[in-house]
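A structural walkthrough
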Amino acid sequence: MKPILLVILVSITMSCAPIYVSYDYDQTVDFSKYRTYQYFGDMETGLNTLDTKRLLDAIDSTLYARGFRISDTPAILIDVKSSTHKNLQRETIGVGVGGTGGNLGSGITIGLPIGQQKTTQHLTFEFLDAKNNQLFWQAKSESGLNPKATPEQKEARLNAIVKKVFKKYPALF
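What counts as what
Residues numbered from 1 in each chain as written. Predicted model: local features only at pLDDT ≥ 70, side-chain atom pairs only at ≥ 80, totals over all residues. Heavy atoms only, no water. Buried < 20%, exposed > 50% of the residue type's maximum accessible area, 1.4 Å probe, protein only. Helix = DSSP H or I, 4+ residues; strand = E, 2+ residues; numbered from the N terminus. Pairing = 2+ DSSP bridges. Salt bridge = Lys/Arg side-chain N within 4 Å of Asp/Glu carboxyl O. Expected span 1.5 Å × (residues − 1). Contact = heavy atoms within 4.5 Å. Polar contact = N/O pair within 3.5 Å; in protein donor to acceptor, adjacent residues only side chain to side chain. Phe/Tyr/Trp six-rings, centres within 6.5 Å; stacked < 30°, edge-to-face > 60°. Arc of directions from axis to C-beta. Axes fitted to C-alpha atoms, helices over the stretch in contact; angles between N-to-C directions. pLDDT = per-residue confidence, 0-100.

This next bit is on the pairing of strand E7 (residues 119–129). Of all 11 residues in E7, 10 are buried; the element is thus mostly enclosed. Alignment of strand E4 (residues 76–86) against E7, held across 11 bridges, turns out to be antiparallel. Paired with Asp79 across the two strands is Glu126, which belongs to E7. The sheet contact formed by E7 and strand E8 (residues 134–145) spans 11 bridges and is antiparallel.

Looking now at the pattern of salt bridges. For the structure on display, the rule yields 4 salt bridges. Two residues, Asp57 and Lys53, come together in a salt bridge whose shortest N-O distance is 2.9 Å. Of this pair, Asp57 and Lys53 both sit in helix H2 (residues 49–65), 4 residues apart, which is roughly one turn of the helix. Residue Asp79 pairs with Lys81 through a salt bridge whose shortest N-O separation is 3.5 Å.

The terminal C-alpha atoms of H2 lie 24 Å apart, and with 17 residues this matches the ideal 24 Å at 1.5 Å per residue to within 8%. When H2 is considered as a whole, its buried residues turn out to be Asp51, Thr52, Arg54, Leu55, Leu56, Ala58, Ile59, Thr62 and Leu63. Packing partners of the buried residues in H2 comprise strand E2 (36–39), E4, E7 and helix H3 (151–165). One side-chain oxygen at the N-terminal end of H2 lies 3.0 Å from the backbone nitrogen of Leu50; it belongs to Asn48. Phi turns positive, to about 100°, at Gly67, one or two residues after H2.

It is worth spelling out the packing of aromatic side chains at this point. Per the counting criterion, the structure on display carries 14 aromatic pairs. The interplanar angle of 40° and the centroid separation of 5.8 Å between the aromatic rings of Phe127 and Phe166 together place this pair among those described as tilted. Remark: Phe166 occurs in the segment after H3 and Phe127 occurs in strand E7; sequence separation between them is 39 residues. Judged on exposure class, the residue Phe127 and its partner Phe166 are both buried.

This next bit is on H3. Counted at 1.5 Å a residue, the expected span for H3 with its 15 residues is 21 Å, and the 21 Å between its end C-alpha atoms agrees. When we look at burial in H3, the residues that qualify are Arg157, Leu158, Ile161, Val162 and Val165. Taken down its axis, H3 places every buried residue within 130° of arc, on the same side. Seen from the buried face of H3, the exposed residues on the opposite side, beyond 90 degrees, are Glu152 and Lys163. The inward-facing, buried residues of H3 contact strand E1 (19–25), H2, E7 and E8.

Taken together, the 6 strands give an open sheet; going across it, the order is E1-E8-E7-E4-E2-E3, and neighbouring strands pair in mixed fashion. A strand with exactly one partner marks an edge of an open sheet, and here the two such strands are E1 and strand E3 (69–70). Here E2 runs beside E3; their pairing, made up of 2 bridges, is parallel. Of the residues in E3, the one forming a bridge with Thr36 is Arg69. In this fold H2 packs onto E2, E3, E4 and E7, with an angle of close to 175° to the strand it touches most, E2. Across the face of the sheet, H3 comes into contact with E1, E7 and E8 while running at roughly 140° to E8.

Detailed reading of the predicted coordinates is not advisable wherever pLDDT is low. Taken as a whole, the protein shows an average pLDDT of 83; of its residues, 71% reach a score of 70 or greater. Every residue in residues 5–15 is under pLDDT 50, and counting partners more than four places away or in other chains gives 0 contacts.

Before going further, it helps to spend a moment on the environment of Pro18. Along the chain, Pro18 falls in the loop between helix H1 (2–15) and E1. Along the sequence, Pro18 and Ile161 sit 143 residues apart, while their C-alpha atoms lie 9.6 Å from each other. In contact with Pro18, not counting residues within four places along its chain, are Glu142, Ser143 and Gly144.

Below is the structure:
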């Protein structure tokens, strides 16, 4: 029974792709003065309409919990961009056949790919000061993307990304 539980635990862990986040911000900025926000009117996230709505809902709920409010006269303008990349498949298994006779030998080997090609999604979150249109905070996330994910899985993944991205926002309220 224990080997079965171990296999299940390992498969669950392997299916949860890690989310990597890097940050950059202007250290001279007073983050406490930023309490209101709005999205760029012409923002093109690079996501489909449903995923864009899921992402913006996740951002809204996270920022609302931190004391931020959407406003028609915002202090922050938010821009979000995404891109996807297919990673080269590097896992292969070698199969070889060889033979020898007398003083002569020959062989042939081929590499067969294992698994599927993986897709990685990069999301960039930028906060700009609405008065002077200057970037003051940026976060970039990288995570695996399952193109066959259900709507619930997509929503959970985007919520996890947003949670991790805003975890280290400099102004903790």
